[in-house]
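Close look at the chain arrangement
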There are 2 protein chains.
Amino acid sequence: MLMTVSASRKFENFSTWFDDLIIRARIADNRFPVKGFIVYMETGAYILEKIKNLLEDLLEKTGHKRMLFPLVTTEELFRREAEHIKGFSGEVFIVSEGREKGAERKLIIRPTSETIIYPMFKLWIRSHADLPLKIHQSVNVYRYETKATRALYRIREIPWNEAHTVHETLREAENQVREAIEIYEKVLKALGISYLILKRPDFDKFAGAVYSIAFDAWNPDGKVNQVATVHNLGKNFSKAFEIEFEKRDGSRGLAYQTCYGFGYSRVLAAIIAQHGDDRGLVLPPIVSPIQVVIIPIPFKGQEEEIMDYASEIKKLLEKKWRTTLDDRKDVTPGEKFYHWELMGVPVRIEVGPKEVAESTVTIARRDTLERVKVRLDELESKVEELMNSIISNLRERSIRMMMGLIGDAKSIDEVKKLLKERRIARIEWCGSVECAEKLKEKAGGEIRGERYDIAERPRNSCIVCGREAKKVVYVARAY
Amino acid sequence: MLMTVSASRKFENFSTWFDDLIIRARIADNRFPVKGFIVYMETGAYILEKIKNLLEDLLEKTGHKRMLFPLVTTEELFRREAEHIKGFSGEVFIVSEGREKGAERKLIIRPTSETIIYPMFKLWIRSHADLPLKIHQSVNVYRYETKATRALYRIREIPWNEAHTVHETLREAENQVREAIEIYEKVLKALGISYLILKRPDFDKFAGAVYSIAFDAWNPDGKVNQVATVHNLGKNFSKAFEIEFEKRDGSRGLAYQTCYGFGYSRVLAAIIAQHGDDRGLVLPPIVSPIQVVIIPIPFKGQEEEIMDYASEIKKLLEKKWRTTLDDRKDVTPGEKFYHWELMGVPVRIEVGPKEVAESTVTIARRDTLERVKVRLDELESKVEELMNSIISNLRERSIRMMMGLIGDAKSIDEVKKLLKERRIARIEWCGSVECAEKLKEKAGGEIRGERYDIAERPRNSCIVCGREAKKVVYVARAY
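Residues numbered from 1 in each chain as written. Chains lettered and ligands numbered in written order. Predicted model: local features only at pLDDT ≥ 70, side-chain atom pairs only at ≥ 80, totals over all residues.

Re the overall build of chain A
The test is simple: Only DSSP runs of H or I with at least four residues qualify as helices, and only runs of E with at least two residues qualify as strands; both kinds are numbered from the N terminus onward. Field definition: a residue is buried when 20 or more other C-beta atoms are found within 10 Å of its C-beta, exposed when 12 or fewer are, and partly exposed for counts in between, with C-beta atoms placed from the backbone. A pair of residues counts as a contact when their C-beta atoms, built from backbone coordinates, are within 7 Å of each other.
Scanning chain A from N- to C-terminus turns up 15 helices and 23 strands. Overall size of chain A, expressed as C-alpha extent along the three principal axes, is 85 × 55 × 50 Å. Looking at chain A residue by residue over its 479 residues, the buried ones come to 47%. Within chain A, counting contacts between residues at least 6 apart in sequence, those at least 24 apart form 70% of the total.

This is the structure we're talking about:
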């Protein structure tokens, strides 16, 4: 019953469906003449802001201080942590500083901000009394991606939130990793997005991290969409940036650090891709620019009464919900339905002569397109109920879809077959880089890691080499 | 009575006072190793966010759509409008795009976004039905300032909001200029900042504008602080970027445009500089991270009752105000007073044994340091009253200060004398560039323009050349 709305276009030809939808629903315009730099139009910019508010609110409630750090770092700072520079040096944008002759110094635009923030941490941290230090910023980072760009998914200007924390002990850093994961889960759940939380294999961890946990959201084309990552940095960066402090026992030591990032544009992409259907966007109420749209169904001779009634309903609902009365005269109700379905407005209210006569309204929900008639005096409670039901339904059908996408594979051929069907393969793996590489070469998918949230124990042998399997891991193509 | 608090340090040695205060109150850290790029710490980032919310809320209520545009433009786009490129080409940062040999193209980091936004306007605008188009974004812009940098005032990474509008007629563009000025006035008034609204002389208008209106806030060192500007662009940019539309009569024509910018870091600087005193920040309640701080005055044997009473007060006030109970055990009340005065918290509540016994509290306001005792049952209304009184007082004393800074000058020497006294000179001027240049050379101040909000008519002759005066203008040194 819940999947009654057709979404075949997005599953059959995801790219066309997506590219067409984001411009028509005024999410983003990809025609700016610099590759990988997109323009967020009003719907997209609005949703990004709402996602940002949701996340920042949770970060601040858990003691993360908002700060703002510069766009650029120096070459010297950028080179401090050996693994980090290896991982990022190929994909940074370089700025020439200064017009004067001889004054030229190269600046590096942040691909992420460790090398900008940690020199300041060194200045600020003196003793255990300064710890834990937890900061966050919502900014753009810049990566010169050599792979093909795709609006929202793979771009060169990336809007995200990054948080950075410093701790006295390893245990505290571990707890911080868990707190970060909980925060990200809360935001993604509020948006109805489903994902796998995966501990990345060592060869795929963040450059400079001890280990990395990632949120991979499913996508209709089978390529997973990494929306967030959480890293335990151990002492790798505190060593490179000399972040030392006086411990409780009076001795001095290096601090433990974590950092984590949440990709706003990729989360926006996940909202569109996971919930959308052939009619357009299907927005979670919490981020929808308009939550309720009221459409009068005109009837000759009763235009005024119908409009008055519609205005009355607007007054009733706008106290709680972002409500619009579409009173355009030159557009038919049918065209209005079509437009607001495209825009993903969660609840539509229709009022015509019948509704006026009966003191009722007809309510349609965007996710299932179901319509019900309700009495005016129960309208407010009904809308509230519907909004809750919509986000629950979005969440549930997204999880169901993801579960359906995952298939167990016992051989490279089975992995290949699943990937071809745009699905995600679960396999048993020995843990070697060689097998991962062989699998990627033969089946075309990457080992994304093992589940972090639940323990899945291997029972058989590595599907590549036949040796003892050490891990149950997920294999997918990825953005 | 209202100026009882000493602010002599900020008037006598503004730079030292300011630089010292912004780091101690955790506004910003100026030690990042790239000149002109500063780190906004928690107090600064918090206040910036609040200012942003105030402004964006007003922009969105008046129909400006939030959008987000790229950081960079191409050289070709940057060169389209002749005056604009002349004005900005000397101060842009250049990015090299691409690692691959031969693929290098120069990208220009926005010093402002006309050349990034207007190519999109060309794509979006077809007919009068698409107008007016009003958009805004809060982003950083980058200008390679060759003058000495100063934290918040003159930096190379500048956080601001820029709005851009497109209209059918000149009259509509004129009305838009007025709307923009009203919006900026509302925000600055909510922050108690006072300023002159000046129409800049032609030689000092925005590169590419027909005319420019600027908000110059006063500063303790006499150098005015331009916090916002509003520009009527006429058809200059629509011509260069081919923003054409089908008019109501079916013919085609170029659109009229305006743009305006509001400098967040300069407004933050004005809050600090205009309201602060020798004890530290004095924050307008609306932007203060903490609005009420409760300080228990411990008394032997009654520690618990006092703390319970303080918690009760916190519960009462935190429904409406951002309230903190400073229950640190290892810090004396005197040290707490000192700390929260530095941080500019508008209202401090002291509770000791006497207050517990009487069911009263002692309230101190930060702006005047006055203390009053009030009954517990009138506390909420008293705090509300106090917050209103604080912002009114800040606004009034700032206006009074500005009025005192302005002096009439009848000769170049009188201008020189006023500027030396760190004041602003009002003069009569013939309107010629030669006289403006001569004045600048001899007296060291710039002609900032004539009042936009009130008409001041010249009665005598130009103080430089003695010819007929055309305008009453203000002369000051400027950041």
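Looking at the sheet that holds strand β19 (residues 371-375) of chain B
Residue and element names in this part refer to chain B. Convention followed: Should DSSP find at least two bridges between two strands, the strands are regarded as paired. With axes taken as lines fitted to C-alpha atoms, and helix axes fitted only over the stretch in contact, angles between N-to-C directions fall between 0 and 180 degrees.
A sheet is described by the order of its strands in space; here 5 strands give the open sequence β16-β15-β17-β18-β19, paired in mixed fashion. Sheet topology places β16 (323-325) and β19 at the edges, where each strand pairs with a single neighbour. In this sheet, neighbouring strand axes are inclined to one another by 25 degrees on average, regardless of whether the strands run parallel or antiparallel. Relative to strand β17 (residues 347-351), strand β15 (residues 292-296) runs parallel, the two sharing 5 bridges. Looking at the pairing, I294 lines up with I349 of β17. Lying over the sheet, helix α10 (residues 303-318) contacts β15, β16, β17 and β18 (360-365), oriented at roughly 170 degrees with respect to β15.

Some remarks on the sheet that holds strand β3 (residues 65-66) of chain A
Note: strands within a sheet are paired through backbone hydrogen bonds, in either parallel or antiparallel orientation. Residues and elements named next belong to chain A. The 11 strands are arranged β3-β7-β8-β14-β11-β10-β9-β22-β23-β21-β20 in an open sheet whose pairing can be described as mixed. Two strands in the sheet have a free side with no partner beyond their single neighbour: β3 and β20 (406-408). Taken together, the 5 bridges between strand β21 (residues 424-429) and strand β23 (residues 471-476) define a ladder with antiparallel strand orientation. Looking across to β23, one finds that W429 is bridged to K471.

Description of the domain arrangement of chain A
Where we set the bar: The split of the chain into domains comes from an automatic or database domain assignment.
For chain A, the domain assignment lists domain 1 (8-275), domain 2 (290-385) and domain 3 (406-476). Between the C-alpha centres of domain 2 of chain A and domain 3 of chain A the distance comes to 50 Å.

Brief notes about the packing of helix α3 (residues 42-61) of chain B against helix α9 (residues 264-275) of chain B
All names here are of chain B. For clarity, the cut-off: The scheme is simple: roughly parallel for angles under 35 degrees, roughly antiparallel for over 145, roughly perpendicular for 65 to 115, oblique for anything else. Here is the rule for handedness: rotate from the far helix to the near one, and if that takes an anticlockwise turn smaller than a right angle the crossing is left-handed, while a clockwise turn gives right-handed.
α9 packs onto α3 with a crossing angle of 110 degrees between their chain directions and a minimal axis gap of 10 Å. Taken together, the axis directions place α3 and α9 in an arrangement best described as roughly perpendicular. Crossing geometry of α3 relative to α9 is assigned as right-handed. Side by side, α3 and α9 meet where G44, I47, L48, I51 and K52 of the first sit next to Y264, V267, L268 and I271 of the second.

Quick notes on unusual backbone geometry
Residue A:L131 is joined to A:P132 through a cis peptide bond whose omega torsion reads -5 degrees. Among the secondary structure elements, A:P132 is positioned in the loop between α6 (114-124) and β7 (133-142). If you check the backbone angles, B:L369 has positive phi at about 65 degrees while not being a glycine. Of note, the phi angle at B:R422 is positive, near 60 degrees, even though the residue is not glycine. Here B:R422 is to be found in the loop between α14 (412-420) and β21 (424-429). Using a count of 18 C-beta atoms within 10 Å as the deciding quantity, one classes B:R422 as partly exposed.

With respect to the relation of the copies chain B and chain A
Defined as follows: The superposition of copies rests on a least-squares fit of C-alpha positions from residues with pLDDT of 70 or more in both.
Between chain B and chain A, the superposition needs a rotation of 180 degrees and an axial shift of 0.0 Å, giving an RMSD of 0.0 Å. The superposition operator between the copies reduces to a two-fold rotation axis. Among all residues of chain B, the one whose C-alpha sits closest to the rotation axis is B:V95, at a distance of 2.3 Å. Mapped onto chain A, 100% of the interface residues of chain B again fall at the interface, so both copies present the same surface.

Re the interface of chain B and chain A
Put simply, the test is: In this count, Pro and Cys sit with the nonpolar residues alongside Ala, Val, Leu, Ile, Met, Phe, Trp and Tyr, while Asp, Glu, Lys and Arg are called charged and the others, Gly among them, polar.
At the junction of the two partners, chain B supplies 35 residues and chain A supplies 35 residues. Secondary-structure elements contributing two or more residues to the side of chain B that touches chain A are β2 (39-40), α3, β3 (65-66), β4 (72-74), β5 (94-97) and α6 (114-124) of chain B. For the side of chain B that touches chain A, the leading source of residues is α3(B), giving 4 residues. Each residue belonging to the side of chain B that touches chain A can be placed in one class, and the counts come to 22 nonpolar, 5 polar and 8 charged.

Details of the pairing of strand β14 (residues 256-263) of chain A
All names here are of chain A. Buried residues dominate β14, accounting for 8 of its 8 residues. Here β14 shows a buried face lined by Y256, T258, Y260 and F262 and a second buried face lined by Q257, C259, G261 and G263. With 8 bridges joining them, strand β8 (residues 157-167) and β14 adopt antiparallel strand pairing. Bridge pairing in β14 places W160 opposite G263. Looking at chain direction, strand β11 (residues 225-234) and β14 are connected through 6 bridges and run antiparallel. The residue of β14 that forms the bridge with V230 is Y260.

Quick look at the packing of helix α3 (residues 42-61) of chain A against helix α7 (residues 170-190) of chain A
All names here are of chain A. At their nearest, the axes of α3 and α7 sit 10 Å apart, and the two run at 150 degrees to each other. Taken together, the axis directions place α3 and α7 in an arrangement best described as roughly antiparallel. Once α3 is placed against α7, the crossing between them reads as right-handed. Residues L54, L55, L58 and L59 of α3 pack against I183, K186, V187 and A190 of α7.

As for the confidence of the model for chain A
The predicted coordinates ought not to be read in detail in places where the model reports low pLDDT. Keep this limit in mind: Residue-level confidence of the predictor is summarised by pLDDT, bounded by 0 at the bottom and 100 at the top.
For chain A, per-residue confidence averages 95 on the pLDDT scale, and 97% of positions sit at 70 or higher. Interface confidence for the predicted complex, given as ipTM, is 0.96, next to a pTM of 0.96.

Thoughts on α10(B)
Residues and elements named next belong to chain B. What counts, and what does not: To estimate the expected span of a helix, count its residues, drop one, and scale the result by 1.5 Å. What the arc covers is the set of directions going from the helix axis to the C-beta atoms.
The end-to-end C-alpha distance of α10 is 22 Å, a good match for the 22 Å that 16 residues give at a rise of 1.5 Å each. Looking only at α10, the buried set comprises Y309, A310, I313 and L317. Down the axis of α10, the sector holding all buried residues measures 100 degrees, keeping them to one side. Along α10, exposed side chains directed more than 90 degrees from the buried face belong to E304, D308 and K315. Buried positions along α10 lie against β15, β16, β17, α12 (353-358), β18 and α13 (379-405).

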